[in-house]
Amino acid sequence: AVPVSEEPVVIAEPELPAMSQSMPFMARPAALTGALAGDVGFDPLGFAKSEEDLMNYREAEVKHARLAMLAAAGWPISEVFDKKIATALSMSPLVDAADRAPSVLNGGLG
């Protein structure tokens, strides 16, 4: 029988650069330890002072991104289904003759 070594294998973590990879002229923020995916030291205004702040900002960013994706899908869907939904609710449709929802971008609100 071959003896089995019980020595633990130690894997050294790579050393983080002192300067930010995203902005090489700035020092890497202390709260950005490289533990998160895509962490290249981008916090130019220094908002994340601690790990807790970083996690709060990360959660807020994910929530805002999800809301933006819903809005990006909702705008064209509202224009496509406006007449059908308005008819089902016995209301008048809001889209104009060109099937555009009223908004600041197409002059429909003013």
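Criteria and thresholds
- Residues numbered from 1 in each chain as written.
- Predicted model: local features only at pLDDT ≥ 70, side-chain atom pairs only at ≥ 80, totals over all residues.
- Heavy atoms only, no water.
- Salt bridge = Lys/Arg side-chain N within 4 Å of Asp/Glu carboxyl O.
- Helix = DSSP H or I, 4+ residues; strand = E, 2+ residues; numbered from the N terminus.
- Buried < 20%, exposed > 50% of the residue type's maximum accessible area, 1.4 Å probe, protein only.
- 1 Å grid on protein atoms, 1.4 Å probe; cavity = no way out; pocket = protein on both sides within 12 Å on 5 of 7 lines; lining within 4 Å.
- Points joined across faces, edges and corners; volume = space filled by probe spheres on them.
- Nonpolar A, V, L, I, M, F, W, Y, C, P; charged D, E, K, R; others polar.
- Phe/Tyr/Trp six-rings, centres within 6.5 Å; stacked < 30°, edge-to-face > 60°.

**Some points on the pattern of salt bridges**
- One pass over the full model with this rule turns up two salt bridges.
- For K63, the salt bridge identified is with E59, shortest N-O distance 3.3 Å. On the criterion of helical spacing, the pair formed by K63 and E59 is a turn pair, its members being four residues apart in helix 1 (residues 51–88).
- Overall, K63 belongs to the exposed group, its relative accessible area being 52%.
- Its relative accessible area of 45% is what places E59 among the partly exposed residues.

**Quick notes on empty space enclosed by the protein**
- According to the stated counting rule, one finds one cavity of 30 Å³ or more in the structure shown.
- Size it by volume and the largest cavity reaches roughly 30 Å³.
- As for the largest cavity, its lining consists of A31, L32, T33, G34, A35, L36, D39, E51 and L54.
- Class assignment of the residues belonging to the lining of the largest cavity gives a composition of five nonpolar, two polar and two charged.

**As for the layout of surface pockets**
- In this structure, the largest pocket spans a volume of roughly 450 Å³.
- Lining the largest pocket are 17 residues, with L32, F42, L54, Y57 and E61 sitting closest to its centre.
- Residues belonging to the lining of the largest pocket are distributed by class as follows: eleven nonpolar, two polar and four charged.

**Let's talk about the environment of A30**
- With respect to the element layout, A30 can be found in the segment before helix 1.
- Put simply, A30 and A65 are 35 residues apart on the chain and 25 Å apart in space, counted from C-alpha to C-alpha.

**Points about the packing of aromatic side chains**
- Scanning the entire structure with this criterion turns up one aromatic pair.
- Ring plane angle 45 degrees and centroid distance 6.0 Å describe the contact between F47 and Y57, whose orientation is recorded as tilted. Placement of the pair is F47 in the segment before helix 1 and Y57 in helix 1, with a sequence separation of ten residues.
- Look at Y57 and you get partly exposed, because its relative accessible area is 44%.

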